[in-house]
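Working through the structure, step by step
Single-letter residue listing:
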Amino acid sequence: MIAIICVAGAAALLVADPPALPPAAAVARPTSNARIPIGVYIGPGDRDGFERFAGWLGRRPVVASDGLEELRWRAIANPWWLVDAWRNVGARIAYSLVMIPREQGGTLQEGASGAYDGYFRELGERLVAGGQARAVLRPGWEFSGDWQPWSARSDPDAWKAYYRRIVTTMRSVPGAHFTFVWNPALGPVDPDNWPAERAWPGADVVDAIGVDVYDICFLPDTYPIPDHAVAADIVARQTRCWNHLLTGDHGLEWYGDLAARYDRPLVIPEFGLVPRARAGGGDNPIFIQGMADFARAHAVEWMVYFNKQQSELGRHRIDDDTYPQSSVLFRSLFGSSPAGAEVGGTTIGPSG
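Described in the following lines is the structure provided in the data block. Note that residues are indexed from 1 along each chain, following the sequence as it is written. Local features in this predicted model are restricted to residues whose pLDDT is 70 or higher, and side-chain atom pairs enter the listing and the counts only when it is 80 or higher, whereas totals over whole chains, interfaces and linings include all residues. Side-chain descriptors were evaluated using all non-hydrogen atoms of the structure, hydrogens and water having been removed beforehand.

**Overview of the pattern of salt bridges**
Salt bridges are defined as contacts in which a side-chain nitrogen from Lys or Arg sits within 4 Å of a carboxyl oxygen from Asp or Glu. Evaluation of the coordinates by the stated rule reveals 18 salt bridges. Asp212 is the salt-bridge partner of Arg138, the closest N and O atoms lying 3.6 Å from each other. Taken together, the residues Arg138 in strand E4 (residues 136-139) and Asp212 in the loop between strand E6 (208-210) and strand E7 (213-214) connect sequence positions 74 residues apart. Asp320 is paired through a salt bridge with Arg317; the nearest N and O atoms lie 3.7 Å apart. For helices the rule is a DSSP run of H or I covering at least 4 residues; for strands it is a run of E covering at least 2, with both sets numbered from the N terminus onward.

**Focus on unusual backbone geometry**
A negative phi angle characterises most non-glycine residues, just as the trans form characterises most peptide bonds. Backbone torsion omega between Tyr223 and Pro224 reads 0 degrees, so that peptide bond is classified as cis. Within the secondary structure layout, Pro224 lies in the loop between E7 and helix H7 (231-247). Even without a glycine there, the phi angle at Asn88 is positive, about 60 degrees. Mapped onto the elements, Asn88 comes out in the loop between helix H3 (80-85) and strand E3 (92-97).

**Thoughts on the nonpolar core**
By nonpolar core is meant a set of buried Ala, Val, Leu, Ile, Met, Phe, Trp, Tyr and Cys residues that side-chain atoms within 4.5 Å join together. For every residue, the accessible area obtained with a 1.4 Å probe (protein chains only) is divided by the maximum for its type, and the residue is called buried under 20%, exposed over 50%, and partly exposed between those limits. Membership of the largest hydrophobic core comes to 90 residues, with the highest contact counts inside it found for Trp182, Phe271, Phe330 and Phe334. It is helix H6 (residues 156-171) that provides the largest number of residues to this core, a total of 7 residues. If you look at the next biggest cluster of nonpolar residues, it comprises 16 residues, including Tyr41, Val63, Phe306 and Leu313.

**Describing the side chain of Asp212**
A relative accessible area of 0% places Asp212 in the buried class. Of the polar contacts made by the side chain of Asp212, one reaches the side chain of Asn183; its length is 3.3 Å. Here a polar contact means two N or O atoms within 3.5 Å. Within protein one must be a hydrogen donor candidate and the other an acceptor candidate, and residues neighboring in sequence count only if both atoms are side-chain atoms. Only 3.4 Å separates the side chain of Asp212 from the backbone nitrogen of Glu270, close enough to count as a polar contact.

Worth remembering: the numbers are spatial, not functional.
What follows is the structure, encoded as structure tokens:
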């Protein structure tokens, strides 16, 4: 679920015949006191953790995020325990969805040919039967990097065709009203600044555009922050990183413009703090404030904090004492509010 992002200094990759963008569509701007639709990822099927986070926040998250099974096709097609875990949670369910099982394997080309259609049809039927007919699905998330087995870099045409088959197959399930998110990682990433738009599958199979954002940078004078850094230097480094996340090549502003041009909602399926020991900004209110400001400015439909205890990038939890300054700010920005209006203009209801 974690992407290594914001790499500086690599040569730009020339792309032949990039997809033409339609004219920009009007985007409704939220009012200044609008409440930001916040969701949370805790861990696989962690309903208790979701309830704990809701109690800490003082507000029920509008999205419960999780990852569907990832290892073998049979488990992917029938994630019965996850469906049971999130039954009647009172929030929209958002799942990441593998395109190639991590243990069993497969190829993009086989997926594009329809070899796996049956598994995705069965998955759709299981979700509908389990009351999750309106689940959000992120097929092949973070495909623009090289760390996922379904990376689009080697064959973007096969990736696009496969994504289209998944969406078409699952939409055909009776009773299905799924939302499909096209979900690259933020920024052009190592090793060759591969641009995500090379794998744009077509607006007809994209219900929302999503991008995963973590407070991690490798620009000069950003991270890692030296152990001896004084407060002013820490803030300067955190600010430089945030500005790059926001306005850098394929940064947040680029994706905001892309969503407006295709007239698709913009969502943030994952965002999170990263420890200083892992080339992150550590306790960083600048990142938290910036994400909230961006969400308001671009009418982000929903955003999910990646509140995982531990990942390959370290500890992300914000509802404990790991990041005390950010924790206080997070609750003030995303917690209970008398305004009662969601940024996107539409309150997100349950998944069923």
